[in-house]
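Per-entry structural report
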Amino acid sequence: MDAAEVEFLAEKELVTIIPNFSLDKIYLIGGDLGPFNPGLPVEVPLWLAINLKQRQKCRLIPPEWMDVEKLEKIRDHERKEETFTPMPSPYYMELTKLLLNHASDNIPKADEIRTLIKDVWDTRIAKLRVSADSFVRQQEAHAKVDNLTLMEINTSGAFLTQALNHMYKLRTNLQPSESVQSQDF
């Protein structure tokens, strides 16, 4: 899975919008949406919120965790803990990126939020690299990946898979093979 596929999955997350149009409930395969009334908040998938925002049909309300004070606490907690801490959303990075790219005018202190999310991301990726290094050095066979998001796993997945494949090849080449027979000349 690549980053674009993870972002696609993130676009299914629900966000709150305040529409400036009227429309009855709409029935989609993924579920019913609406009704849409001007000034009344409604939850819709992120993909629809972005589409409506681009057409100036709504105002986006940022998720409650997308607040400078809350993100500072999350960042500080992540830095203090040795293990990965739970994130406010399984798609925190993708949601932030999409919301700030398409609706930064609806998000107070957007630049600070972008910086804080980047700090959290960098801290978690650094932890992931240290964990992967320890995992490979200790020649472990399995790992517990609690509280990692799909994008974080995706970021290190290719490297870890290759490292494990190389370790497997080295182990199988070092073990004496029982089927090898010596040849006398």
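None of the values given here were measured: they were computed from a predicted structure. (Residues numbered from 1 in each chain as written. Predicted model: local features only at pLDDT ≥ 70, side-chain atom pairs only at ≥ 80, totals over all residues. Heavy atoms only, no water.)

Observations regarding the UniProt feature "domain: DNA replication complex GINS protein PSF2 N-terminal" (unreviewed entry) in the protein
Put simply, the test is: UniProt positions are given in the numbering used here, feature names are shortened, and annotations may be inferred rather than shown by experiment. Comment: elements are numbered from the N terminus, with helices defined as DSSP H or I runs of at least four residues and strands as E runs of at least two.
Following the UniProt record, the feature "domain: DNA replication complex GINS protein PSF2 N-terminal" (unreviewed entry) maps to residues 3-61 here. Within residues 3-61, the helical portion is 29% and the strand portion 34%, while the C-alpha atoms at the span's ends are 25 Å from each other.

Focus: the pattern of salt bridges
Put simply, the rule reads: By salt bridge we mean one thing: a side-chain nitrogen of Lys or Arg within 4 Å of a carboxyl oxygen of Asp or Glu. The buried label applies to any residue whose accessible area, calculated with a 1.4 Å probe on protein chains only, is under 20% of its type's maximum; exposed applies above 50%, and partly exposed to all values in between.
Under the definition given, this model contains 10 salt bridges. The salt bridge involving arginine 124 is made with glutamate 78; its shortest N-O contact spans 2.9 Å. With a gap of 46 residues between them, arginine 124 in helix 5 (residues 110-137) and glutamate 78 in helix 3 (residues 68-80) connect regions that are remote in the sequence. Under the relative-accessibility criterion, arginine 124 is labelled buried at 0%. Residue classification places glutamate 78 among the buried residues on the basis of a relative accessible area of 0%. Notably, a salt bridge pairs aspartate 133 with arginine 137, separated by 2.8 Å at the nearest N-O pair.

Quick notes on the side chain of glutamate 94
Note the threshold: Working rule for contacts: check all heavy atoms of both residues, and any pair within 4.5 Å makes them a contact.
Tracing the chain through its elements places glutamate 94 in helix 4 (residues 92-103). Those residues in contact with glutamate 94, other than ones at most four positions away along the chain, are Val6, Glu7, Ala10 and Met151.

A word on the pairing of strand 1 (residues 14-19)
Definition in use: For two strands to count as paired, DSSP must find a minimum of two bridges between them.
Bridge count for strand 1 against strand 4 (residues 42-45) is four bridges, and the pairing is antiparallel. By the bridge assignment for strand 4, threonine 16 is matched with glutamate 43. Two elements, strand 1 and strand 5 (residues 58-61), share four bridges in a ladder whose sense is antiparallel. Paired with isoleucine 18 across the two strands is arginine 59, which belongs to strand 5.

Section: the domain arrangement of the protein
Under the convention used in this document: What marks off one domain from the next here is an automatic or database domain assignment. When two components associate, each loses some accessible surface as probed by a 1.4 Å sphere; the sum of these losses over both components is called the buried area. Residues adjacent in sequence count toward polar contacts only when both atoms are side-chain atoms; beyond that, a polar contact is any pair of N or O atoms within 3.5 Å, and within protein one must be able to donate a hydrogen and the other to accept it.
Considered domain by domain, the protein is made up of domain 1 (1-61) and domain 2 (65-162). Contacts between the two partners involve 15 residues from domain 1 and, on the opposite side, 14 residues from domain 2. Roughly 1,400 Å² is buried in total at the junction of domain 1 and domain 2, and carbon and sulfur atoms are behind 69% of that figure. Area buried by domain 1 at its contact with domain 2 is led by Val6, Glu7 and Lys53, which between them contribute 33% of it. Linking domain 1 to domain 2 there are two salt bridges. Across the contact surface, domain 1 and domain 2 share five residue pairs in polar contact (both at pLDDT 80 or more). Contributions of two or more residues to the side of domain 1 that touches domain 2 are made by helix 1 (3-10), helix 2 (46-54) and strand 5. Counting residues per element, the side of domain 1 that touches domain 2 draws most heavily on helix 1, which supplies five residues.

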